[in-house]
Amino acid sequence: MRSALPTTRPPRNTGPIELRDFGPTGRRLGTAADCYDGSPWELHRGELVEQMGSRDIHGIVMALVAALFRTHAREGLTVMTDVYCDLSDQAGPSLRAPDVVVVGDLAAPRNDAYRGTPVLAVEIRGTQSKRYLEEKVKLYLEHDWPWVWIAHAERRELEVVRPGSASITYRPGAEVPLLPELGKHGLGAVPVAALFEERDASRFTDEWVAARTQARAILAVLAARGLAVPGAVEARVLACEAPAALERWLAAAATAASGEAFADVVGRG
């Protein structure tokens with residue numbers, strides 16, 4: 001730990017970084033001016049924190065999570081990546097940059113840090129030190145961010161953290177529940193693998209939207225023809241992810257003599 005700052009002058013928190021004073025945790029002091037587009041720095045209660053370098057796996061997971069969120073976010077929500085969020089408080093100014101955030105109060109984008117409370121924030125644990133990540137997440141929780149996901153890239157696990165609650169870890173093979181705000185296309189949960197592997201993620205982005213669009217078209221054809229089908233049949237159509245089955249069912253919806261006849265086709269798969 002560095003010695004206390006001299007009391008004969010104000011702390012030096014601007015100018016060349018190597019000439020600045022040190023804060024209480026041994027980091028160089030800084031200001032919001034150090035956090036600009038492309039800057040390597042974040043600000044934590046008046047001290048500079050160098051953003052940890054990332055590897056391919058970090059960028060891949062960030063892209064997969066952001067694509068998933070953008071596909072399923074309801075109207076009025078915005079998905080952002082690596083954007084400074086203002087978490088300043090009485091303990092000092094803070095600008096931290098989560099890997100992915102979903103926000104619902106961004107009325108008009110501007111060239112500034114985000115000031116508000118995200119619906120969901122995601123941190124991807126790759127090369128970051130334990131201290132770096134824990135410090136960020138602790139700050140998010142202190143500011144009552146309601147949902148924080150920590151994607152452990154090497155272990156392929158997702159840890160979900162909420163204020164005042166014990167964390168929950170979803171391991172490979174499990175399904176992760178999605179927030180209602182990510183239910184635009186009716187997706188309620190995704191396998192953990194969909195957050196880390198592109199081949200699994202694709203099932204829930206473009207392919208999922210295409211399947212849901214075709215499923216809704218099938219039900220629309222039935223409704224237009226006045227054919228009633230049981231709720232269980234509608235649910236099966238809406239849950240189907242197989243393009244070949246959906247093609248057959250669309251043809252059946254257009255040609256079946258009755259709702260019962262269509263239900264029989266669906267029952268055969």
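Keep in mind it's a predicted model, so treat the numbers as computed, not measured. (Residues numbered from 1 in each chain as written. Predicted model: local features only at pLDDT ≥ 70, side-chain atom pairs only at ≥ 80, totals over all residues. Heavy atoms only, no water.)

(A) Structural detail: the pattern of salt bridges. Per the counting criterion, the structure on display carries 20 salt bridges. With a shortest N-O distance of 3.8 Å, Asp-21 and Arg-12 are connected by a salt bridge. Residue classification places Arg-12 among the partly exposed residues on the basis of a relative accessible area of 37%. Here Asp-34 makes a salt bridge to Arg-20, at a shortest N to O gap of 2.8 Å. With Asp-34 in the segment before strand 1 (41-44) and Arg-20 in the segment before strand 1, this residue pair connects regions lying 14 residues apart in the sequence. When sorted by exposure, Asp-34 lands in the same class as Arg-20, which is buried. One connected set of salt bridges, linked through shared partners, spans Arg-27, Glu-42, Arg-96, Glu-123, Glu-135 and Lys-136. (Salt bridge = Lys/Arg side-chain N within 4 Å of Asp/Glu carboxyl O. Buried < 20%, exposed > 50% of the residue type's maximum accessible area, 1.4 Å probe, protein only. Helix = DSSP H or I, 4+ residues; strand = E, 2+ residues; numbered from the N terminus.)

(B) Examining helix 2 (residues 130-142) more closely. Its 13 residues place the ends of helix 2 18 Å apart at the C-alpha level, agreeing with the 18 Å of an ideal helix rising 1.5 Å per residue. Among the structural elements, strand 1, strand 2 (47-50), strand 5 (95-96), strand 7 (120-125), strand 8 (148-152) and strand 9 (157-161) are those in contact with the buried residues of helix 2. In the segment just after helix 2, Asp-144 is the residue with positive phi, at about 60 degrees. (Expected span 1.5 Å × (residues − 1). Contact = heavy atoms within 4.5 Å.)

(C) A look at the pairing of strand 6 (residues 100-103). Residues Val-100 and Val-102 line one face of strand 6 and the alternating positions Val-101 and Val-103 line the opposite face, and both faces are buried. When strand 3 (residues 78-81) meets strand 6, the two strands line up antiparallel, connected through four bridges. By the bridge assignment, Val-79 is partnered in strand 6 with Val-102. In this structure, strand 6 lies alongside strand 7, joined through three bridges in antiparallel fashion. Bridged to Val-102 within strand 7 is Leu-120. (Pairing = 2+ DSSP bridges.)

(D) Highlighting unusual backbone geometry. Positive phi is not limited to glycine here, since Arg-45 has a value of about 50 degrees. Its place among the elements puts Arg-45 in the loop between strand 1 and strand 2. When its relative accessible area of 26% is taken as the criterion, Arg-45 is described as partly exposed.

(E) Seen up close, the layout of surface pockets. The space that makes up the largest pocket amounts to roughly 390 Å³. As for the largest pocket, its lining consists of 18 residues, of which Cys-35, Tyr-36, Asp-37, Tyr-84 and Asp-112 are closest to the centre. (1 Å grid on protein atoms, 1.4 Å probe; cavity = no way out; pocket = protein on both sides within 12 Å on 5 of 7 lines; lining within 4 Å. Points joined across faces, edges and corners; volume = space filled by probe spheres on them.)

(F) Up close: the environment of Tyr-132. When you line up the elements, Tyr-132 lands in helix 2. Looking at Tyr-132, the relative accessible area reads 6%, which means it is buried. Through-space distance from the C-alpha of Tyr-132 to that of Pro-146 is 20 Å; in sequence the pair is 14 residues apart.

(G) Spotlight on the nonpolar core. Ranked by size, the top nonpolar core spans 32 residues in total, and within it Phe-69, Trp-149, Val-190 and Leu-195 carry the most contacts. Listing elements by their share of this core, those giving two or more residues are helix 1 (56-72), strand 6, strand 7, strand 8 and strand 9. The residues touching Phe-69, leaving out its near neighbours within four places in the chain, are Val-79, Val-100, Val-102, Leu-120, Val-122, Trp-149 and Leu-182. Core analysis: the next-biggest nonpolar cluster, separate from the first, contains 20 residues, Ala-215, Ile-218, Val-237 and Trp-249 among them. (Core = buried A, V, L, I, M, F, W, Y, C linked by side-chain atoms within 4.5 Å.)

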